[in-house]
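# Reading the structure
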10 protein chains.
Amino acid sequence: MLFKVEMDVNVPPDVDPARFEQLKAAEKARFQELQRAGTWRHIWRVVGRYSNVSIFDVADNGELHDLLTGLPLYPFMDIRVTALCRHPSSIHEDDR
Amino acid sequence: MLFKVEMDVNVPPDVDPARFEQLKAAEKARFQELQRAGTWRHIWRVVGRYSNVSIFDVADNGELHDLLTGLPLYPFMDIRVTALCRHPSSIHEDDR
Amino acid sequence: MLFKVEMDVNVPPDVDPARFEQLKAAEKARFQELQRAGTWRHIWRVVGRYSNVSIFDVADNGELHDLLTGLPLYPFMDIRVTALCRHPSSIHEDDR
Amino acid sequence: MLFKVEMDVNVPPDVDPARFEQLKAAEKARFQELQRAGTWRHIWRVVGRYSNVSIFDVADNGELHDLLTGLPLYPFMDIRVTALCRHPSSIHEDDR
Amino acid sequence: MLFKVEMDVNVPPDVDPARFEQLKAAEKARFQELQRAGTWRHIWRVVGRYSNVSIFDVADNGELHDLLTGLPLYPFMDIRVTALCRHPSSIHEDDR
Amino acid sequence: MLFKVEMDVNVPPDVDPARFEQLKAAEKARFQELQRAGTWRHIWRVVGRYSNVSIFDVADNGELHDLLTGLPLYPFMDIRVTALCRHPSSIHEDDR
Amino acid sequence: MLFKVEMDVNVPPDVDPARFEQLKAAEKARFQELQRAGTWRHIWRVVGRYSNVSIFDVADNGELHDLLTGLPLYPFMDIRVTALCRHPSSIHEDDR
Amino acid sequence: MLFKVEMDVNVPPDVDPARFEQLKAAEKARFQELQRAGTWRHIWRVVGRYSNVSIFDVADNGELHDLLTGLPLYPFMDIRVTALCRHPSSIHEDDR
Amino acid sequence: MLFKVEMDVNVPPDVDPARFEQLKAAEKARFQELQRAGTWRHIWRVVGRYSNVSIFDVADNGELHDLLTGLPLYPFMDIRVTALCRHPSSIHEDDR
Amino acid sequence: MLFKVEMDVNVPPDVDPARFEQLKAAEKARFQELQRAGTWRHIWRVVGRYSNVSIFDVADNGELHDLLTGLPLYPFMDIRVTALCRHPSSIHEDDR
């Protein structure tokens, strides 16, 4: 089941740089794990912003909530979720 | 080069149904042509709305403008374009 | 899987009253069918507005999209969908 | 009498974690007390956000105000209240 | 129980003037009936607009919904409802 | 001359509680003085928020500005002012 | 007593040009009458829009409401009113 | 003196196509006249929309207002004007 | 050349009072200097807010930018600028 | 390929002035380097604000993202990007 997830990362001006780098490294590792699993199906940077547009493929709403709120950078993120579904005109069966 | 394109279709209350069905059929044909070419890389329906979220892969801004304004349903659409780029954490080279 | 669905009904000023009453009757019948099935789990009127707040329980996003866009009054509705999930503090297992 | 209550929790970046955990535990206890009493009739998490959508069943506006402003996490919440009423098409008498 | 009700009246450009005057007369009669009953406790014009700010005193949400949606000018109104309660600093018991 | 005044109170997270209680007590005293004088004609709490809806009766705009900006909690308030006038349908002469 | 009044004029696409010219002539005559009387103290065009920014000097809110709603073009206007007062730093006594 | 001017063109669904083509041709001719004169210094299409972003170089505000409101398509345009000036870091004297 | 300039002053909660009073005194002196010169042609307080509505008469955009960004309180201000011009119906030549 | 880029600079109230001046000097140097290269094709100040409107000419979206996020003042900026293309009515081939 597919969702568009838009994430804005807000870096507090007085964040400890070393701690933030650690969180970014943990975020990257977790992202790649989910990308390899096919759960975090797509990710793109929004040009000029510390934001991304992502497509998640999950079993249900609860799984998506747990994945998002468990991200290392979640405390610094503003997240918007939009439920998607297959477009009837698509020539593909699986919306990829 | 990738862009997120969000399209809302507004059906006028007094539209001629036969003419609108013709436009929808033409829209579907044009969409599938662009999907097969890899230009209209992804499309998803937004649940509960006559809207879609799409990803376009084009050579430049002008090509995208010509494609979008040439769609059969364009006169009924409100379109928002967001420039995207490859996310540095992605394990894929081409953002697919 | 649960979703909050908010629907605003916009009655065009020049709508044919007899046709609109027919659509409302069909909407009511369809709603009660879905309510009995447990799919349209809750519905409330928003005080002072021709709007409702509803909770849907569906198998997936696609089922919700098909249900909403198939409603008799859908052409007159503005619909906003929000994905929900069980609250971890709830004493109930099923979010009812 | 029913109200939709939407709560966003904003965690200050420099909050004392131990104190916040205490407030969360107190919030959970108070919530479950009100849920058991039937006052906090429904609660759902909004996917991807530290927010909930709730339905309250209270005797009057004043009771709702006192309940909400007395919540342990109230100082960190942004709350929006919408008055609801029974939908005339519902097959149930009590809007549950 | 008190509610702030804000009403904007939108006059369609092609409305039949005689019919609209009839509706306005009916609205005025109904308003004065409710004002005398103490239900429509206050009403003020918003300077420069065809809008009012009103305070309603009703037994419950359902009564307010029925009153508002039964107004003769309701089909031309946009209405926003805000639940109010007694202010703890007030020297009056009844919020008048 | 009547004005609707809407006040939101924003409590800074690091405010000194003792100082804030002093300001609240001073605010209450000043409010009751103005309420007794008939200047602060009405006040209601907005359910679920640290906000009020008030009606002021003043001689002119300047008096209202001086009253509002002189409130003890003014530095913590966001204030919106709307000019009102007697509704022509009212059965009362003085808009109370 | 001074108010900033912002007016946007919305010309319906199917308005009868002759009738609209008559209304514009009547509006101009009424405006100049009020300008000479000192009531419509200032008026400026907003560059690129069929809108103006005006300053009114009136005895009270009710007079302003009657003046604005009596303008020949009022049915085509969207009007926003802001209460002003003398700035304490001004070297002039009358805010002109 | 430079201004950013953003224009959205709204084509009414029932416009007479022949008349609109005439207006577009007149708009193009007038635009090119102003472009050659250096007044309409820049123009770009916004991708996916019937909108443009333009830079005007005019002697004063009044000249800009007269130019914009005299455009053949002005009755169908929504226009937003932003005053600009030379950036102090620019290596050019004339902001081109 | 005339511009409407709207300024909101945001006082940081932890500002040093003595320093802020110095800035306010400098602001007042600079304002009166510009008012006497006819550049800051009008100023009014917005009732209930630490905001003003002003009319500036300047030679060009650049002069306005330099004046505004040079104000002693500029670092605490949010400023919105709107280009104005003479209204064609005015009986005055100079828009005063 | 052309993009409109709008940048707002937000100076934190407690920034170290010396460090900020260093960043501004580095920003100016980087800007002039890009201006000379023809990449940062235009820049204008927005009157009354610490904001600019710019036109970038880049090879693709990724280049633009890297340029913007590498600016010395990027951590203090809010940036909005709009994809542009040649206007078909322009008498110039290259949109300059």
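Now for a look at the structure at hand. Quick caveat, the model's predicted, so the values are computed rather than measured.

Further remarks concern the pairing of strand β2 (residues 40-46) of chain C. Burial runs high along β2(C): seven of the seven residues are buried. Relative to strand β3 (residues 51-57) of chain C, β2(C) runs antiparallel, the two being bridged by five bridges. Across the sheet, Trp44(C) pairs through a bridge with Val53(C), a residue of β3(C). Sheet topology note: the β2(C)/strand β4 (residues 77-86) of chain D ladder contains three bridges and is antiparallel. Residue Val46(C) lies in a different strand from β4(D), and its bridge partner there is Leu84(D).

A word on the interface of chain A and chain B. Interfaces are often sized by the amount of accessible area the parts lose when they come together. Facing the 30 residues of chain A at the interface are 30 residues of chain B. Taken together, the two surfaces of chain A and chain B that pack against each other cover about 2700 Å², and 64% of this comes from carbon and sulfur. On the chain A side of the interface with chain B, the three residues burying the most area are Trp44(A), Arg45(A) and His87(A), jointly 25% of the side's total. Seen at the junction of chain A and chain B, the total is two salt bridges. One salt bridge in this structure joins Lys4(A) and Glu6(B), with 2.6 Å as the shortest N-O distance. Run the count over chain A and chain B and you get 14 residue pairs in polar contact (both at pLDDT 80 or more). Those elements that place two or more of their residues in the side of chain A that touches chain B are β1 (2-9), α1 (17-37), β2 (40-46), β3 (51-57) and β4 (77-86) of chain A. Of the residues contributing to the side of chain A that touches chain B, the split by class is 13 nonpolar, nine polar and eight charged.

Turning to the interface of chain H and chain G, a few remarks are in order. Listed per partner, the contact involves nine residues of chain H and six residues of chain G. Summed over both partners, the interface of chain H with chain G buries about 600 Å², with 56% contributed by carbon and sulfur atoms. A per-residue breakdown of the area chain H buries against chain G is headed by His65(H), Tyr74(H) and Ile79(H), which together make up 59% of the total. Summed over the shared surface of chain H and chain G, the number is one salt bridge. For Asp78(H), the salt bridge is made with Arg49(G), and the minimal N-O distance between the two is 3.3 Å. Taken together, the links from chain H to chain G amount to four residue pairs in polar contact (both at pLDDT 80 or more). Of all elements in the fold, only α2 (61-69) and β4 (77-86) of chain H reach the threshold of two or more residues within the side of chain H that touches chain G. A per-class count over the side of chain H that touches chain G returns five nonpolar, two polar and two charged.

For the rest of this paragraph, the subject is the sheet that holds strand β1 (residues 2-9) of chain E. Taken in spatial order, the eight strands of this closed barrel run β1(E)-β3(E)-β2(E)-β4(F)-β1(F)-β3(F)-β2(F)-β4(E), and their pairing is antiparallel. This sheet shows a mean twist of 35 degrees between the axes of neighbouring strands, independent of strand direction. With seven bridges joining them, β1(E) and strand β3 (residues 51-57) of chain E adopt antiparallel strand pairing. Bridged to Met7(E) within β3(E) is Asn52(E). Lying over the sheet, helix α2 (residues 61-69) of chain D contacts β1 and β4 (77-86) of chain E together with β2 (40-46) of chain F, oriented at roughly 70 degrees with respect to β4(E). The strands touched by helix α2 (residues 61-69) of chain F are β1 (2-9), β3 (51-57) and β4 (77-86) of chain F; relative to β1(F), the strand with the most contacts, the crossing angle is about 20 degrees.

The closest approach of any C-alpha atom in chain A to one in chain G is 30 Å; the two make no contact. At the level of C-alpha atoms, the two units chain C and chain J stay apart, their nearest approach being 26 Å.

All names here are of chain A. Counted according to the given criterion, the structure contains 30 aromatic pairs over all chains. When the ring of Trp-40 is compared with that of Phe-56, the centres are 4.6 Å apart and the planes differ by 35 degrees; the resulting orientation is tilted. Taken together, the positions of Trp-40 in strand β2 and Phe-56 in strand β3 put the pair 16 residues apart, joining distant regions of the chain. With respect to burial, Trp-40 and Phe-56 carry one shared label: buried. Taken together, the ring pairs in this structure connect Phe-31, Trp-40 and Phe-56 into an aromatic cluster.

Conventions adopted
- Residues numbered from 1 in each chain as written.
- Chains lettered and ligands numbered in written order.
- Predicted model: local features only at pLDDT ≥ 70, side-chain atom pairs only at ≥ 80, totals over all residues.
- Heavy atoms only, no water.
- Buried < 20%, exposed > 50% of the residue type's maximum accessible area, 1.4 Å probe, protein only.
- Helix = DSSP H or I, 4+ residues; strand = E, 2+ residues; numbered from the N terminus.
- Pairing = 2+ DSSP bridges.
- Contact = heavy atoms within 4.5 Å.
- Buried area = accessible area lost by both parts, 1.4 Å probe.
- Salt bridge = Lys/Arg side-chain N within 4 Å of Asp/Glu carboxyl O.
- Polar contact = N/O pair within 3.5 Å; in protein donor to acceptor, adjacent residues only side chain to side chain.
- Nonpolar A, V, L, I, M, F, W, Y, C, P; charged D, E, K, R; others polar.
- Axes fitted to C-alpha atoms, helices over the stretch in contact; angles between N-to-C directions.
- Phe/Tyr/Trp six-rings, centres within 6.5 Å; stacked < 30°, edge-to-face > 60°.

This is a description of form; function is not addressed.
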